[in-house]
Amino acid sequence: MNTPATPTRKVIPIAAAPGNGSGQLPPGADAEMVSLYAAHRKIYPRSVSGFFSHWRWAMVFLTQLVFYGLPWLEWGQRQAVLFDLTSRRFYIFNLVLYPQDFIYLTGILVISAFSLFLFTAVAGRLWCGYACPQTVYTEIFLWLEKRAEGDRAARLRRDAGPWNLDKLWRKGAKHFLWLAVALWTGFTFVGYFTPIHTLGREFIQMNMSSWENFWVFFYGFATYGNAGFMREQVCKHMCPYARFQSAMFDKDTLIVTYDQERGEPRGARSKKATASALNLGACVDCNLCVQVCPTGIDIRNGLQYECIGCGACADACDTIMDKMGYAKGLVKYSTENAIRQHWTQAQTLRHVLRPRVLVYVAILATVVTAMTVSLATRLPFKVDVVRDRGALARMAPGGRIENVYRLQLMNASESRQQFHIDVQGLPGLAVASEADVAVPSTESRWVAVRVQAPFEAAPSGSHTIHFEITAQDVPGRLLEKSVFIVPR
Ligand code: SF4
Ligand code: SF4
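So, how was this worked out
Residues numbered from 1 in each chain as written. Chains lettered and ligands numbered in written order. Predicted model: local features only at pLDDT ≥ 70, side-chain atom pairs only at ≥ 80, totals over all residues. Heavy atoms only, no water. 1 Å grid on protein atoms, 1.4 Å probe; cavity = no way out; pocket = protein on both sides within 12 Å on 5 of 7 lines; lining within 4 Å. Points joined across faces, edges and corners; volume = space filled by probe spheres on them. Helix = DSSP H or I, 4+ residues; strand = E, 2+ residues; numbered from the N terminus. Nonpolar A, V, L, I, M, F, W, Y, C, P; charged D, E, K, R; others polar. Buried < 20%, exposed > 50% of the residue type's maximum accessible area, 1.4 Å probe, protein only. Pairing = 2+ DSSP bridges. Axes fitted to C-alpha atoms, helices over the stretch in contact; angles between N-to-C directions. Near = heavy atom within 4 Å. Salt bridge = Lys/Arg side-chain N within 4 Å of Asp/Glu carboxyl O. pLDDT = per-residue confidence, 0-100. Contact = heavy atoms within 4.5 Å. Arc of directions from axis to C-beta. Core = buried A, V, L, I, M, F, W, Y, C linked by side-chain atoms within 4.5 Å. Expected span 1.5 Å × (residues − 1).

Draft legend 1. Layout of the layout of surface pockets. The calculated volume of the largest pocket comes to roughly 1200 Å³. Phe67, Trp127, Pro133, Tyr192 and Tyr219 are the residues nearest the centre of the largest pocket, which is lined by 30 residues in total. Looking at the lining of the largest pocket, the elements that each hand over two or more residues are helix H1 (51-69), strand E5 (81-84), helix H2 (102-123), helix H3 (126-131), helix H4 (133-149) and helix H8 (210-230). At six residues, the largest contribution of residues to the lining of the largest pocket is made by H1. The residue makeup of the lining of the largest pocket, split by class, is 24 nonpolar, six polar and no charged.

What follows is the structure, given as structure tokens:
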């Protein structure tokens, strides 16, 4: 079947249009000039209270209690959680990790990634709506903004009005509060990498190092900018997770949805009116769900990538449904399948356990178990063996062959350890230098170790040997491979 040719409309970005530097219009093209840059429309989210908002605030308190509180927690004689990059040691409560323990960091990253996949497959953007730092700090900054400038209507009125003393002091107070929180956040962040008590003293005496200064102000400035000004722009344009999270969604993922069937046709009406008599659905078209949305979208237009799943619109709509005497849940967490097939809550929940979710759970359980077992059975000391390149194999007095090594003994325990070095792999192989080495708690020490073997112990060439390290107070031994060279 022949279809009539439809006239094509050619849209030309301003930068490429004639008269704007380059580009020629093809003959006969019907052109319209559009800007690729949409002007930023400032969003004034209205505050909302309800079930999901309470959960969000609970998460704000919990996450910030942990973030601001953890660096001040003491563990014995040191900070409980400290990532000491200078001495290349990470302290996490009773764990002391060295760069050689990098595998645990990998494990933590794998667990975080799969937890995110799991939560997203089950309940959409739970992380974004309730625990992401961008959401949490925006919530805190919005709260401060409300204290200083009032709720949405007052802020809109003030911003549209001229500058006067009231506007000046309110805006000044808001920025002062924002800067205080931002600076405190930057300070706390650096407190995870440098002992926070020392940092506090340096901060008061204004003699922080240049790196500490840089990171306190950089992190503080990023918090101030992201939570105070950028807000939803970060979620919409900067966050990579917003782009790929939909790959983890399916028709059984919980998302914030508007029940179109129940809500439409929308329309205003008096509280006393009967919706069916007016041929109206449950939506009273009050626009409250749009006003409370931190990303400024209308959930009634369906699922949009800008939606961070915060549930503010569901809280707002429930308030209206309550006032109108209608059943709650016109906007609610539900799944595409549940809405289409009118499932009950129990039926919806039964579909949570599906193959994709079970695979995520299985992987997560495996990695968590492996990490737990590995950490529980981990020896609190480590060793690195480096052959001394300066000293090749040589003949020692008594007709023995000698090789020299450098051993780094790392004590990852909280007490001083006495280590014993032994070596095995060739007949008569023995440590000829000091075999007992003391290392203070959480410290490491380099020692030169001379190893000797009888001349007739092995033919010329290189032979695999093992250093065996034992600690006086800790059961278990550590074997580290190396080679012993027998010269011709
Ligand atoms: S549409 Fe609703 S759930 Fe989505 S971001 Fe806006 S208020 Fe939050
Ligand atoms: S809050 Fe509820 S009733 Fe009001 S416009 Fe939104 S969906 Fe409709």
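Draft legend 2. Just the pairing of strand E12 (residues 400-411), in detail. Burial analysis of E12 places ten of its twelve residues in the buried class, which makes it a mostly covered element. Sheet topology places strand E10 (residues 381-387) next to E12; seven bridges connect them, and they run antiparallel. Opposite Val383, over in E12, you have Leu409 as the bridge partner.

Draft legend 3. Main features of the sheet that holds strand E17 (residues 461-471). Spatially, the four strands line up as an open sheet ordered E15-E13-E17-E18, and their pairing is antiparallel. Two strands bound the open sheet, and with one partner strand each, they are strand E15 (436-439) and strand E18 (477-486). Taking the axes of each pair of neighbouring strands and ignoring which way they run, one obtains an average angle of 30° across the sheet. Two elements, E17 and E18, share ten bridges in a ladder whose sense is antiparallel. Each residue of the ladder has a partner; that of Gly461, found in E18, is Val486.

Draft legend 4. Structural detail: the site of ligand 2. Taken together, the residues surrounding ligand 2 are Tyr258, Cys283, Val284, Asp285, Cys286, Asn287, Cys289, Arg300, Cys317, Met321 and Val331. Across the shell around ligand 2, the residue classes tally to eight nonpolar, one polar and two charged.

Draft legend 5. Inspection of the site of ligand 1 at higher detail. Taken together, 13 residues sit near ligand 1, with Cys293, Cys307, Cys310, Gly311 and Cys313 positioned nearest. Its residues assigned to classes, the shell around ligand 1 comprises ten nonpolar, three polar and no charged.

Draft legend 6. Examining the sheet that holds E5 more closely. Here we have three strands laid out as an open sheet, ordered E5-E6-E7, and antiparallel in their pairing. Lying at the two open borders of the sheet, with one neighbouring strand each, are E5 and strand E7 (95-97). Put simply, the sheet's adjacent strands are angled 10° from each other on average, direction ignored. In the sheet, strand E6 (residues 89-92) pairs with E7 via three bridges, with the strands oriented antiparallel. By the bridge assignment for E7, Phe90 is matched with Leu97.

Draft legend 7. Highlighting the pattern of salt bridges. Taken as a whole and assessed by the stated rule, the structure comprises 24 salt bridges. One salt bridge in this structure joins Lys174 and Glu145, with 3.2 Å as the shortest N-O distance. Of this pair, Lys174 sits in helix H6 (residues 165-190) while Glu145 is found in helix H4, placing the two residues 29 residues apart along the sequence. On the basis of relative accessible area, Lys174 is assigned to the buried category, the value being 3%. Through salt bridges with shared partners, a single network forms among Lys42, Glu145, Glu149, Arg155, Arg158, Asp159, Asp166, Arg170, Lys171, Lys174 and Arg231.

Draft legend 8. Focus on unusual backbone geometry. Omega for the peptide link from Glu264 to Pro265 comes to -10°, which places this bond in the cis form. For Pro265, the location among the structural elements is in the loop between helix H11 (260-263) and helix H12 (288-291). Backbone geometry at Arg88 places phi at a positive 50°, although glycine is not the residue there. By secondary structure assignment, the location of Arg88 is in the loop between E5 and E6. Owing to a relative accessible area of 57%, Arg88 belongs among the exposed residues under this scheme. With a phi angle near 55°, Asp285 is a residue other than glycine that sits in the positive phi range. Tracing the backbone through its elements, the reader meets Asp285 in the loop between H11 and H12.

Draft legend 9. The arrangement of the confidence of the model for the protein in detail. Overall, the predicted model of the protein reaches an average pLDDT of 90, with 92% of residues at or above 70. Counted against residues more than four places away or in other chains, residues 1-23, with its pLDDT under 50, gives 31 contacts.

Draft legend 10. Molecular detail of helix H7 (residues 196-204). All buried positions along H7 are accounted for by Ile196, Leu199 and Gly200. The buried residues of H7 occupy an angular sector of 105° when projected down its axis, which confines them to one face. For H7, the elements touching its buried residues are strand E4 (78-79), H6 and H8. Where H7 terminates, the next one or two residues include Met206, which has phi positive at roughly 55°.

Draft legend 11. Here's a closer look at the pairing of E6. What you see with E6 is a clean split: Arg89 and Tyr91 sit on the buried side and Phe90 and Ile92 on the side with no burial. In the sheet, E5 pairs with E6 via four bridges, with the strands oriented antiparallel. Paired with Leu82 across the strands is Tyr91, a residue of E6. The antiparallel hairpin formed by E5 and E6 contains four residues in its connecting segment, where Arg88 sits at a positive phi of about 50°. Counted between consecutive antiparallel strands, the loop separating E6 from E7 contains two residues, among which Phe93 sits at a positive phi close to 50°.

Draft legend 12. Spatial organisation of the nonpolar core. Within the largest apolar cluster, 45 residues are counted, with the highest numbers of intra-cluster contacts made by Ile299, Met321, Tyr326, Leu330 and Val331. Put simply, the parts of the chain that give this core at least two residues each are E7, H2, H3, strand E8 (255-258), H12, helix H13 (312-324), strand E9 (331-334) and helix H16 (355-376). The greatest single-element share of this core, amounting to eight residues, is contributed by H13. Of all hydrophobic cores here, the second largest spans 31 residues; its members include Phe381, Val431, Ala471 and Leu478.

Draft legend 13. Quick look at H16. Helix length check: H16, at 22 residues, gives a terminal C-alpha distance of 31 Å against a target of 32 Å (1.5 Å per residue), a fit within 8%. Here H16 has its buried residues at Val357, Tyr360, Leu364 and Met371. Down the axis, H16 shows its buried residues gathered within 70° of arc, on one side only. Turned more than 90 degrees from where H16 packs its buried face, Pro355, Thr366 and Ala376 sit exposed. Looking at the buried side of H16, the elements it contacts are H2.

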